[in-house]
Amino acid sequence: QQPVQSPQAVILREGEDAVINCSSSKALYSVHWYRQKHGEAPVFLMILLKGGEQKGHEKISASFNEKKQQSSLYLTASQLSYSGTYFCGTEEWSGAGSYQLTFGKGTKLSVIP
Amino acid sequence: DGGITQSPKYLFRKEGQNVTLSCEQNLNHDAMYWYRQDPGQGLRLIYYSQIVNDFQKGDIAEGYSVSREKKESFPLTVTSAQKNPTAFYLCASSMGLAGSYEQYFGPGTRLTVT
């Protein structure tokens, strides 16, 4: 089932912070975050795994609340280059990983000078 | 440089014709994926493959077919049975199946069927 992302869109001024949320109705094994600029391929940002392990970039942080089946992506001191559409991809947990990601509809982030 | 290539970038076809989209990777990744992207809909999984000669249906496999004869290649055929084929198609690969492994995406093929 497709995870729900919020907000759908957000506009920031350079230097401001943003939080993007991803919520699922299913128990999750992992949450992935990707950023896609218009007309380009999605680019990996972060993986959060059941049990607390994280893999990702230094300038971007994220949290994963397994009990609430939610993840949040934190973008601090935003730069113009942060603009794009952010997608979360969730992998359901059913005793083991399901081996496929289900992506949300995306959050469009625009950073203005 | 290692990466994923998709060709062509733009593809135009008449309704009723089958069309094959190419995806090649030189990352030595075991797993490969095909996604479809429509405006405002996110990415939806069509097919995925963990190893050569094995692949699994994703959420929207109807009207599509794939093959995995080589580790590096995972072509997607959009058949005439696909009712609404116009979309942006993305191929991806990862070291292993989804979960612990990040996915690397190709530049995509934008297919227009009229």
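What this report covers is the structure whose coordinates are included nearby. None of the values given here were measured: they were computed from a predicted structure. Throughout, residues of each chain are indexed from 1 in the direction in which the sequence is written. Ligands are numbered from 1 and chains lettered from A, in the order in which they are written. Residues qualify for local features only when their pLDDT is at least 70, as the model is predicted, and side-chain atom pairs are given and counted only at 80 or more; totals for whole chains, interfaces and linings, by contrast, use all residues. Only heavy atoms go into the side-chain values, all of them from the structure, while hydrogens and water stay out.

## Structural notes on the packing of aromatic side chains
Residue and element names in this part refer to chain B. Put simply, the rule is: Aromatic pairs are defined between Phe, Tyr and Trp rings, using the six-membered ring for Trp, whenever the two ring centres lie within 6.5 Å; interplanar angles under 30 degrees are classed as stacked, those over 60 as edge-to-face, and all others as tilted. Type-normalised accessible area, obtained with a 1.4 Å probe on protein chains alone, sets the label of each residue: buried when under 20%, exposed when over 50%, and partly exposed for intermediate values. In this text, helices come from DSSP runs of H or I with a minimum length of four residues, and strands from runs of E with a minimum of two, each type numbered from the N-terminal end.
Applying the stated criterion across every chain, the model contains 8 aromatic pairs over all chains. Ring geometry for Tyr33 versus Tyr35: centroids 6.2 Å apart, planes at 25°, classification stacked. Considered together, Tyr33 and Tyr35 belong to a single accessibility category, that of buried residues. A ring pair is formed by Tyr64 and Tyr89, whose centres lie 5.9 Å apart and whose planes are at 65°; its orientation type is edge-to-face. Here Tyr64 is found in strand E7 (residues 64-66), whereas its partner Tyr89 is found in strand E9 (residues 87-94), with 25 residues between them in sequence.

## Let's talk about the sheet that holds strand E1 (residues 4-6) of chain A
For sheets, the rule is that strands pair by backbone hydrogen bonds, running either parallel or antiparallel. Residue and element names in this part refer to chain A. Note the cut-off: Here, any two strands with at least 2 DSSP bridges between them count as paired. Helix axes are fitted to C-alpha atoms over the stretch in contact, other axes to C-alpha atoms as well, and angles between N-to-C directions run from 0 to 180 degrees.
Pairing is antiparallel in the open sheet, where 4 strands are placed in the order E1-E3-E8-E7. Lying at the two open borders of the sheet, with one neighbouring strand each, are E1 and strand E7 (60-65). Direction aside, the axes of adjacent strands within the sheet are offset by 15° on average. Note that strand E3 (residues 18-23) and strand E8 (residues 70-75) share 6 bridges and pair antiparallel. In the sheet register, Ile20 faces E8, and the bridge partner there is Leu73.

## Quick notes on the layout of surface pockets
To find leftover empty space, one rolls a probe the size of a water molecule over the atoms. Counted only if it meets this: Definitions used throughout: a 1 Å grid over protein atoms alone; a cavity as a set of points that fits a 1.4 Å probe which cannot get out; a pocket as an open set with protein on both sides within 12 Å along at least five of seven lines; a lining residue as one with an atom within 4 Å of a point. Grid points are joined across faces, edges and corners, and a volume is the space filled by probe spheres set on the points. For this scheme, ten residues count as nonpolar: Ala, Val, Leu, Ile, Met, Phe, Trp, Tyr, Cys and Pro. Four count as charged, namely Asp, Glu, Lys and Arg, and the remainder, Gly too, count as polar.
Taken as a whole, the largest pocket spans an internal volume of roughly 700 Å³. Looking at the largest pocket, it is lined by 30 residues, and the ones nearest its centre are Thr85(A), Phe87(A), Gln37(B), Pro39(B) and Gly40(B). When residues of the lining of the largest pocket are traced back to their parent elements, those giving at least two are E1, strand E9 (84-92) and strand E11 (107-112) of chain A together with E9 and strand E11 (109-113) of chain B. Considering only residue class, the lining of the largest pocket consists of 8 nonpolar, 16 polar and 6 charged.

## Structural notes on the nonpolar core
Residue and element names in this part refer to chain A. Here is the rule: The nonpolar core is taken to be a set of buried Ala, Val, Leu, Ile, Met, Phe, Trp, Tyr and Cys residues, with the residues joined through side-chain atoms within 4.5 Å. By the convention used here, residues are in contact when the closest approach between their heavy atoms is within 4.5 Å.
By size, the foremost hydrophobic cluster in this structure holds 20 residues, and its most contacted members are Trp33, Leu73, Leu75, Tyr86 and Leu109. Residue assignment for this core shows that the elements contributing at least two residues are E3, strand E4 (28-36), strand E5 (43-49), E7, E8, E9 and E11. Excluding residues within four positions of it along the chain, Leu75 makes contact with Glu16, Asp17, Ala18, Ile20, Ile60, Tyr82, Tyr86 and Leu109.

## Topic: the environment of Gly104(A)
With respect to the element layout, Gly104(A) can be found in the loop between strand E10 (102-103) and E11. Relative accessible area serves as the criterion here: at 0%, Gly104(A) is assigned to the buried category. Spatially, the C-alpha atoms of Gly104(A) and Gln2(A) are 5.7 Å apart, while their sequence positions differ by 102 residues. Residues contacting Gly104(A), with those up to four places away along its chain left out, are Gln2(A), Pro3(A), Gln5(A), Phe87(A), Cys88(A), Gln41(B), Gly42(B) and Leu43(B).

## Focus on the state of the cysteines
Selection criterion: Cysteine sulfur atoms that come within 2.5 Å of each other are treated as a disulfide pair.
Counted according to the given criterion, the structure contains 2 disulfides over all chains. Across the disulfide from Cys22(A) sits Cys88(A); the S-S distance is 2.1 Å. Measuring handedness by torsion sign, the sulfur bridge of Cys22(A) and Cys88(A) sits at about 70° and is right-handed. Of this pair, Cys22(A) sits in strand E3 while Cys88(A) sits in strand E9, and the two are 66 residues apart along the sequence. The burial state of Cys22(A) is the same as that of Cys88(A); both residues are buried. For Cys23(B), the disulfide goes to Cys91(B), at an S-S distance of 1.8 Å. The chirality of the disulfide connecting Cys23(B) with Cys91(B) is left-handed, given an S-S dihedral of about -70°.

## Examining the interface of chain A and chain B
Worth spelling out the cut-off: Defined here as a combined quantity, buried area equals the accessible surface (1.4 Å probe) lost by two parts on assembly, summed across both. Salt bridges, as used here, are contacts in which a Lys or Arg side-chain nitrogen is within 4 Å of a carboxyl oxygen on Asp or Glu. Definition of a polar contact: a pair of N or O atoms within 3.5 Å, with one able to donate and the other able to accept a hydrogen when the atoms are protein atoms, and with sequence-neighbouring residues admitted only if both atoms are side-chain atoms.
Every contact between the two is made by 23 residues of chain A and, on the other side, 23 residues of chain B. The three residues of chain A that bury the most area against chain B are Tyr99(A), Gln100(A) and Phe103(A), which together make up 28% of that side's buried surface. Linking chain A with chain B are 0 salt bridges. One can count 4 residue pairs in polar contact (both at pLDDT 80 or more) joining chain A with chain B. Tallied by class, the residues present in the side of chain A that touches chain B amount to 11 nonpolar, 8 polar and 4 charged.

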